[in-house]
Amino acid sequence: MDDHGRTPSSNQPILYVLDTNVLIHDPNALLNFEEHHVAIPMTVLEELDKLKAGKHSVAAECRQAIRLIDKTLGEATPEEVEQGVPIDRGTGVLKGYLSIMMSRREEPNSLLPEHLNDNIIINQLIDLHARKADLRIVLVTKDINMRLKARACGIAAEDYSTDQLVDDVSLLSRGYQNMTGSFWDRVSKVETRQERGRTWHRVQLSESLPPMHMNEFIIDEQGFVGWVKGVKADELLILDMHQEPLMHQEAWGLKPRDIYQGLALFALLDPDIHLVNLSGAAGSGKTILALAAAIEQTMVTKRYRRIIATRSVQGLDQEIGFLPGTEAEKMEPWLGAITDNLEALHMDDENTHGSVDYILSKVPLQFKSLNYIRGRSFQQSLILIDECQNLTPHQMKTIITRAGAGSKVVCLGNLAQIDTPYLSATSSGLTYLTERFKDFPNGVHITLQGVPRSILAEYAESHL
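Residues numbered from 1 in each chain as written. Predicted model: local features only at pLDDT ≥ 70, side-chain atom pairs only at ≥ 80, totals over all residues. Heavy atoms only, no water.

1. So, the packing of aromatic side chains
- Applying the stated criterion to the full structure yields 9 aromatic pairs.
- Geometrically, the ring pair formed by Tyr-176 and Tyr-260 is tilted, given 4.8 Å between the ring centres and 40° between the ring planes. A residue pair is termed long-range when its members are at least 10 positions apart, and Tyr-176 in strand E7 (residues 176–179) and Tyr-260 in helix H8 (residues 259–269) qualify at 84 residues.
- Since its relative accessible area comes to 1%, Tyr-176 is described here as buried.
- You can call Tyr-260 buried: its relative accessible area is 14%.
- Taking 5.1 Å as the distance between ring centres and 85° as the angle between the ring planes, the aromatic pair formed by Trp-227 and Phe-266 counts as edge-to-face. You can see Trp-227 sitting in strand E11 (residues 225–231) and its partner Phe-266 sitting in helix H8, a full 39 residues away along the chain.
- Residue Trp-227 is classed as buried on the basis of its relative accessible area, which comes to 3%. (Phe/Tyr/Trp six-rings, centres within 6.5 Å; stacked < 30°, edge-to-face > 60°. Helix = DSSP H or I, 4+ residues; strand = E, 2+ residues; numbered from the N terminus. Buried < 20%, exposed > 50% of the residue type's maximum accessible area, 1.4 Å probe, protein only.)

Given below as structure tokens:
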């Protein structure tokens, strides 16, 4: 198949059939198939209808998808809806068609038992393929098992990858470049100037470096740390960072253990950085750094009025209703990571538990469920989003656009621990965010190095 989704042998548009999970992942998915024909099975509409109400985290996505389908079909007659209605993308040019695939079938070729919705859709496509052998049909679903079943039945199936920006997460920026030897060996010309106690280097490179992005750091083996503040073809504007002060920063009594934690803490405490994206393995210090910086800036420097803590938890949206108490009390079991880290920050206190209760009563820390964040606007707040790897790109956009004036967003996640069935490391919202924001002048991304929690944890990590 070539880049435009056409088969080399024919120039006919393809019929793309969308599964429910595609519309939940991206409610605007039907607009992303160019001049091709998009079909939505009646079974998918029924599934969207079931999920659109209640406190499911996907309910809002379902409603948005249904509204877009309704708007696209407009005043079309039932015959037109079955045949295909031109898709209006708001540009005045109609491109591609949308139709609803009816469930009725003349001579059912039921290869699969019809007790599952997935099987009903695949059987429909087998029928359609039998009736129109020359029509190229592609099932689009994020469910690997459904793709396998469809292929076994002779139907082409693909993942929805429109918002997948990288094919391999190892290609993602780590937020810094580690260099062997000295960075200055790679430089042909440098202009250095002092300004307000800061040292700036305008550097021309003699050797090619991997592509550098705004706000990436350069770390070499000689102890040089530079912060890239301007990128041209072979020229970089670098702010000299000096390792010593980075390693001696402190937030709520916490000091960085290595240079990567030092850079992360620097970004967390910098008022000009509005988005900090920390990824890394379990135990690398993401949550404790973010929490210490958050308390420091609400209790001591008073830069932010409150901390909003939220996280994506598979199943939380269904289960939160059954837990007793207020929203904050319902969220507490899920945000144990926050309270665990509070305890770690106060381990040296005489009464650790008392300290944590005292801090929780004094710090304006609010636990929010993702379901209650939509439609809100948080001013002068520090928004901590934990477990970001479980968010879709669309959910990520929904939360980050809540940040109002004077707010800072901190995203924490580990791409190796995705718990959501239809997300992978490449389609995760955390990957999408990292790639989309790599040239944002007010954002910093740092991949932290694993610092073992204990000798036991380190041994388990390598031997189990």
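2. Digging into the sheet that holds strand E16 (residues 381–386)
- An order of E15-E14-E16-E17-E13-E18 is seen for the 6 strands of this open sheet, with the pairing classed as parallel. Each edge of the open sheet carries a strand with a single partner, namely strand E15 (365–367) and strand E18 (443–448). Strand-to-strand twist across the sheet, computed as the mean angle between neighbouring axes with direction ignored, equals 15°.
- Bridge analysis of strand E13 (residues 275–280) against E18 gives 6 bridges, and the strand direction is parallel. Its bridge partner lying in E18, Leu-278 is registered against Ile-446.
- In this fold H8 packs onto E13, strand E17 (408–413) and E18, with an angle of close to 155° to the strand it touches most, E18. (Pairing = 2+ DSSP bridges. Axes fitted to C-alpha atoms, helices over the stretch in contact; angles between N-to-C directions. Contact = heavy atoms within 4.5 Å.)

3. Observations concerning the sheet that holds strand E5 (residues 137–140)
- The 6 strands are arranged E3-E4-E2-E1-E5-E6 in an open sheet whose pairing can be described as mixed. Looking at which strands have only one partner, the edges of the open sheet turn out to be strand E3 (85–88) and strand E6 (156–158). The sheet shows a mean angle of 35° between the axes of neighbouring strands, direction not considered.
- By the bridge criterion, 3 bridges tie strand E1 (residues 15–18) to strand E2 (residues 37–41) in an arrangement that is parallel. Directly across from Val-17, in E2, lies its bridge partner Ala-39.
- Packing against the sheet, helix H5 (residues 117–131) makes contact with E1, E2, strand E4 (94–101) and E5, and its axis sits at approximately 170° to E5.
- In the packing of helix H6 (residues 144–152) onto the sheet, the strands contacted are E5 and E6, and the crossing angle to E6 comes to about 165°.

4. Considerations on the pattern of salt bridges
- Per the stated rule, a full pass over the model turns up 9 salt bridges.
- The shortest N-O distance in the salt bridge between Lys-255 and Glu-250 comes to 3.9 Å.
- Note on Lys-255: relative accessible area 44%, which makes it partly exposed.
- Two residues, Arg-311 and Glu-387, come together in a salt bridge whose shortest N-O distance is 2.7 Å. Pair noted here: Arg-311 is in strand E14 (residues 306–311) and Glu-387 is in the loop between E16 and helix H14 (393–400), with a separation of 76 residues, a long-range link. Across the pair, exposure class does not vary: Arg-311 and Glu-387 are buried alike. (Salt bridge = Lys/Arg side-chain N within 4 Å of Asp/Glu carboxyl O.)

5. Focus: H14
- With 7 of 8 residues buried, H14 lies mostly within the body of the structure.
- Residues of H14 that are buried: Pro-393, His-394, Gln-395, Met-396, Thr-398, Ile-399 and Ile-400.

6. Description of helix H9 (residues 286–300)
- With 15 residues, H9 extends 21 Å between its outermost C-alpha atoms, agreeing within 8% with the 21 Å of an ideal straight helix rising 1.5 Å per residue.
- Counted residue by residue, H9 has 13 buried out of 15 residues, so it is predominantly covered. (Expected span 1.5 Å × (residues − 1).)

7. Thoughts on the nonpolar core
- By size, the foremost hydrophobic cluster in this structure holds 49 residues, and its most contacted members are Phe-217 and Ile-446.
- In this view, Ile-446 contacts Arg-174, Gly-175, Tyr-176, Phe-217, Tyr-260, Leu-263, Ala-264, Asn-277, Leu-278 and Ser-279; residues no more than four positions away in its chain are not counted.
- In this structure, Leu-30, Val-58, Ile-87 and Cys-153 belong to the second largest nonpolar core, which totals 44 residues. (Core = buried A, V, L, I, M, F, W, Y, C linked by side-chain atoms within 4.5 Å.)

8. Here's the deal with the packing of helix H2 (residues 42–51) against helix H3 (residues 59–73)
- Axis separation between H2 and H3 bottoms out at 8 Å; the angle between their running directions is 135°. By the angle between their directions, the pair H2 and H3 is classed as oblique. You can see that H2 and H3 cross each other, and the crossing is left-handed. Contact residues: H2 offers Leu-45, Leu-48, Asp-49 and Leu-51, while H3 offers Ala-59, Cys-62, Ile-66 and Ile-69.
- Classifying every residue of the contact of H2 with H3 by side-chain character gives 7 nonpolar, no polar and 1 charged. (Parallel < 35°, antiparallel > 145°, perpendicular 65-115°, else oblique. Left-handed = near helix turned anticlockwise from the far one by under 90°. Nonpolar A, V, L, I, M, F, W, Y, C, P; charged D, E, K, R; others polar.)

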